[in-house]
Amino acid sequence: MSPVSRLEDTLDALRKFYGPLPTPPRDPFTLFVWEVLSVHSTPRKRDAALTALKRIRALTPDAMWRAPQKKLEESVALAGPYAENRLRALRTGVDLFRRSPSLPAVIRGPLAAARRALKPLPQLGESGAHRMLLFAADHPILPVDARVSRVGRRLGYGDASDDFRKQARSVQEALTCELPRSVDAFRRAFSYLSHHGAATCTERDPHCSVCPLLEECPEGRKRVRTMADR
Ligand code: SF4
């Protein structure tokens, strides 16, 4: 049996601290909608908008295409500002999914073709495309958004860089080395690290004194020492 990595210990500690967490949708179109609703929103508002779209039965490409515009607008508005941008992105996505019914199968296939198929979808970016590959297409690939990148760096994974993509790739590589090659392990790692970055290891004011990772975290120990010296 292979030894348990430091990252797996970290994830166990986070699971004990937060309990079970919801994961992004598994259906490719619903996950695309979830991504569009997530931008500049909060999980609560995003989920309210997604529930409203479910209620009006608009969570397939054809159903969204046919949905009454007013009801669609009202549902999407629940995610917060930028409703026009979201509606535009959804229209583009609906069009793409309807024109490419094989897209869900393609993204489950070889990675190069899967990445190419996701490229035209608006608002995904690299971490959104990786979430799609992991959660909707079962590829063991770790999405590194701003939160995962921040938490990873603070815990000592990867190299710091002013270039977000460069840092994200370095953190992704370092974290991936410590994960068992299983899709569930990658999903769990993303969910807990990203949630930790939103709830406790926040950008400006990380709550290190209550963090379950403090003992193992170089950045947290430094911050707590600095506070004690004041
Ligand atoms: S100890 Fe502080 S910096 Fe380290 S992971 Fe926890 S909240 Fe983030």
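Reading the values: the criteria
Residues numbered from 1 in each chain as written. Predicted model: local features only at pLDDT ≥ 70, side-chain atom pairs only at ≥ 80, totals over all residues. Domains from an automatic or database assignment. Contact = placed C-beta atoms within 7 Å. Helix = DSSP H or I, 4+ residues; strand = E, 2+ residues; numbered from the N terminus. Nonpolar A, V, L, I, M, F, W, Y, C, P; charged D, E, K, R; others polar. Axes fitted to C-alpha atoms, helices over the stretch in contact; angles between N-to-C directions. Parallel < 35°, antiparallel > 145°, perpendicular 65-115°, else oblique. Left-handed = near helix turned anticlockwise from the far one by under 90°. Core = buried A, V, L, I, M, F, W, Y, C linked by C-beta atoms within 7 Å. Buried ≥ 20, exposed ≤ 12 C-beta atoms within 10 Å, placed from the backbone. Near = placed C-beta within 6 Å.

A. The arrangement of the domain arrangement of the protein in detail. Per the domain assignment, the segments making up the protein are domain 1 (6-20 + 143-229) and domain 2 (28-136). Relative placement of domain 1 and domain 2: their C-alpha centres are 27 Å apart. With eight residues of domain 1 at the interface, the matching set in domain 2 holds six residues. No other element matches the four residues that helix 12 (residues 183-199) contributes to the side of domain 1 that touches domain 2. The residue inventory of the side of domain 1 that touches domain 2, partitioned by class, reads five nonpolar, no polar and three charged.

B. Representation of the packing of helix 2 (residues 28-38) against helix 6 (residues 83-99) in the model. Contact geometry of helix 2 with helix 6 gives a least axis separation of 10 Å together with a crossing angle of 165°. Classed by the angle they form, the pair helix 2 and helix 6 counts as roughly antiparallel. Seen along the crossing, helix 2 lies across helix 6 with a hand that is right-handed. In this structure, helix 2 uses Phe29, Phe32, Val33, Val36 and Leu37 to contact helix 6, whose residues at the interface are Arg86, Ala89, Leu90, Gly93 and Phe97.

C. Region of interest: the nonpolar core. Of all hydrophobic cores here, the largest spans 55 residues; its most connected members are Val33, Ile107, Leu118, Met132, Leu133 and Ala189. Take this core: its biggest share by element is seven residues, from helix 2. Mapping this core onto the domain boundaries places at least three of its residues in each of domain 1 (6-20 + 143-229) and domain 2 (28-136).

D. Expanded view of the site of the ligand. Of all residues adjacent to the ligand, which total 14 residues, the nearest are Cys201, Cys208, Cys211, Cys217 and Gly220. Sorting the residues of the shell around the ligand by element identifies helix 10 (146-154) and helix 13 (218-229) as the ones contributing at least two each. For the shell around the ligand, the per-class residue count stands at nine nonpolar, three polar and two charged.

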